[in-house]
Amino acid sequence: MKLYMISLGPGDFELVTIKALKALQNCDAICIPTKSSDNSFAKSMTYKIVKELMDEYDFSKEIIPMYTPMKFKVDDWQRQVDIIKEGFSKHETLCFVTLGDSAVYSSVYYLLDLLKLQDKDIYDNCEVVPGITSFSHASAKVKKPLCVGDSGLEIIPLLDYETPKTKVYMRPKIGMDTRSIQDEGDFYTFENLNFKDEKALDYKKQTVEKYMTLFIDFFE
Ligand SMILES: C[S@@+](CC[C@H](N)C(=O)[O-])C[C@H]1O[C@@H](n2cnc3c(N)ncnc32)[C@H](O)[C@@H]1O
């Protein structure tokens, strides 16, 4: 059993990662959200990307529609989780697809939160495949960096109340003492990701040893 949560990027099928493409090519069925209650994909950007990939790379998969009314109700996430669970009665490998990157305002984590409670087996056999965000794409389009030199980056939900924030700390100096970095949420240290000695530590490392270190204080 394997569940892939696939980030499809900002809408251009050529901005899908090779990892995402391979997962889609090798799975048994693809769960695609749709805002249409009749399960049509007429207005679905996610479906369009998947279809373009299937045409371009000459493969075909069963499509499992998932009605997603975008009302942020638990019942709606539950219906989708039930469809995934049901999918595993027939299939060994499933993909669920989302636009942009799954780390940024995606339904992926509503589904995973429920799966973690309800079906540990599926949760433990799930892999999240990251993708290109809408704002990375927007930045590239106008050739403007999101941050460079000593500037930072803020992602602000347009709401009229205060919300918890994830903080990403980058570009530390080797030997730096991390005591001055606030630890307010669920703090992780990531070192040399994708190098052979990569580390993902669920705490704040006291001293920076590698330039390729980033810290994330995930909101709680
Ligand atoms: C639910 S969030 C999903 C974000 C997505 N996961 C990402 O990585 O960009 C949807 C919001 O992302 C932004 N967005 C996503 N796709 C966009 C696009 N094609 N053009 C402009 N903004 C977009 C808009 O602010 C939109 O309200």
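Thresholds applied
- Counting of residues starts from 1 at the beginning of each chain's written sequence and follows it residue by residue.
- Local features in this predicted model are restricted to residues whose pLDDT is 70 or higher, and side-chain atom pairs enter the listing and the counts only when it is 80 or higher, whereas totals over whole chains, interfaces and linings include all residues.
- By convention in this description, side-chain values take in all heavy atoms of the structure and omit both hydrogens and water.
- Runs of H or I in DSSP of at least four residues are treated as helices and runs of E of at least two as strands, each being numbered from the N terminus.
- Within these notes, the globule rule equals 2.2 Å times the number of residues to the 0.38 power, and the radius of gyration is based on C-alpha atoms.
- Note on definitions: a residue-residue contact is assigned when non-hydrogen atoms from the two residues lie within 4.5 Å.
- All accessible-area figures derive from a Shrake-Rupley calculation using a 1.4 Å probe, and residue coverage is judged against the displayed protein chains alone.
- Lys and Arg are tallied as positive, Asp and Glu as negative. Neither His nor the chain termini are counted.
- By convention, the point assigned to a charge is CZ for Arg, NZ for Lys, CD for Glu and CG for Asp.
- The near set for a molecule or strand comprises every residue that places at least one heavy atom within 4 Å of it.
- N or O atoms closer than or at 3.5 Å make up a polar contact, with two conditions inside protein: a donor-capable atom paired with an acceptor-capable one, and, for residues adjacent in sequence, both atoms drawn from side chains.
- Side-chain classes follow a simple rule in which Ala, Val, Leu, Ile, Met, Phe, Trp, Tyr, Cys and Pro form the nonpolar group, Asp, Glu, Lys and Arg form the charged group, and the remainder, Gly included, forms the polar group.
- Three exposure classes are used, based on accessible area relative to the maximum for each residue type with a 1.4 Å probe and protein chains only: buried under 20%, partly exposed in between, and exposed over 50%.
- This arc describes the spread of directions from the helix axis toward the C-beta atoms.
- By definition here, a salt bridge exists when the distance from a side-chain nitrogen of Lys or Arg to a carboxyl oxygen of Asp or Glu is within 4 Å.
- Residues form patches when they are more than 30% accessible in relative terms and have no salt bridge. Like charges link within 9 Å. Nonpolar side chains (Val, Leu, Ile, Met, Phe, Trp, Tyr) link within 5 Å.
- Stacked, edge-to-face and tilted labels apply to pairs of Phe, Tyr and Trp rings (six-membered ring for Trp) whose centres lie within 6.5 Å, assigned for plane angles under 30 degrees, over 60, and everything in between, in that order.
- The rule for a charge over a ring is simple: NZ of Lys or CZ of Arg within 6 Å of the ring centre, and within 35 degrees of the ring normal.

Q: Could you give an account of the overall build of the protein, with specific residues and numbers?
A: Check the secondary structure of the protein and you find six helices and nine strands. The C-alpha radius of gyration of the protein comes to 19 Å, within 12% of the 17 Å expected for a compact globule of 220 residues. A principal-axis box enclosing the C-alpha atoms of the protein has dimensions of 55 × 45 × 40 Å. Contacts spanning at least 24 positions in sequence make up 69% of the contacts within the protein whose residues lie at least 6 apart. By element, 53% of the accessible surface of the protein is carried by carbon and sulfur atoms, the whole surface being about 14000 Å². Across the protein, 28 positive and 35 negative side-chain charges occur, with their mean positions spaced 4 Å apart.

Q: Pulling in residues and values, what's your account of the site of the ligand?
A: As a structural note, the neighbourhood of the ligand is formed by L99, G100, D101, V104, Y105, T133 and S134. Between an oxygen atom of the ligand and a main-chain N or O atom of D101, the distance comes to 2.8 Å. Taken by itself the ligand offers 570 Å² of open surface, and the protein chains cover 44% of this. Split by residue class, the shell around the ligand holds three nonpolar, three polar and one charged.

Q: Would you mind going over helix 4 (residues 108–118) in detail, with residue names and values included?
A: V108, L111, L112, L114 and L115 are the residues of helix 4 that are buried. Viewed end-on, helix 4 has its buried residues packed into an arc of 165°, placing them on one side of the element. Next to the buried residues of helix 4 lie strand 1 (2–7), helix 3 (74–90), strand 4 (93–98), helix 5 (120–124) and strand 5 (126–129).

Q: Describe the pattern of salt bridges, naming the residues involved and giving the relevant values.
A: Using the criterion set out here, one finds 13 salt bridges in the structure. Two residues, K90 and E62, come together in a salt bridge whose shortest N-O distance is 3.3 Å. Here the residue K90 occupies a position in helix 3, and E62 occupies one in strand 3 (residues 62–67), the gap between them amounting to 28 residues. Its relative accessible area of 60% is what places K90 among the exposed residues. Note on E62: relative accessible area 33%, which makes it partly exposed. Between D124 and K120 there is a salt bridge; the shortest N-O distance is 3.2 Å. Linking D124 with K120, this pair stays in helix 5, spanning four residues, or about one helical turn. Overall, the relative accessible area of 45% leaves K120 in the partly exposed class. The structure contains a network of salt bridges with shared partners spanning E191, K199, K205 and E209.

Q: Outline a nonpolar patch on the surface, supporting the account with residue identities and numerical values.
A: Taken together, the side chains of Y105, L146, L153 and I155 present a nonpolar region at the surface, about 410 Å² in accessible area. For L153, the location among the structural elements is in the loop between helix 6 (134–141) and strand 6 (167–169). Here L153 falls in the partly exposed class, since its relative accessible area comes to 46%.

Q: If you had to explain the packing of aromatic side chains to someone new, which residues and values would you point to?
A: This model, assessed by the stated rule, comprises six aromatic pairs. For the ring pair F187 and F215, a centre distance of 5.9 Å and an interplane angle of 50° mean the geometry is tilted. Of this pair, F187 sits in strand 7 (residues 186–191) while F215 is found in strand 9 (residues 213–218), placing the two residues 28 residues apart along the sequence. Comparing F187 with F215, the two get one shared label, buried. Three or more aromatic residues joined by ring pairs make a cluster, and in this case those are Y169, F187 and F215. Here K204 stacks its cationic end above the ring of F187, 5.7 Å away from the centre of that ring.

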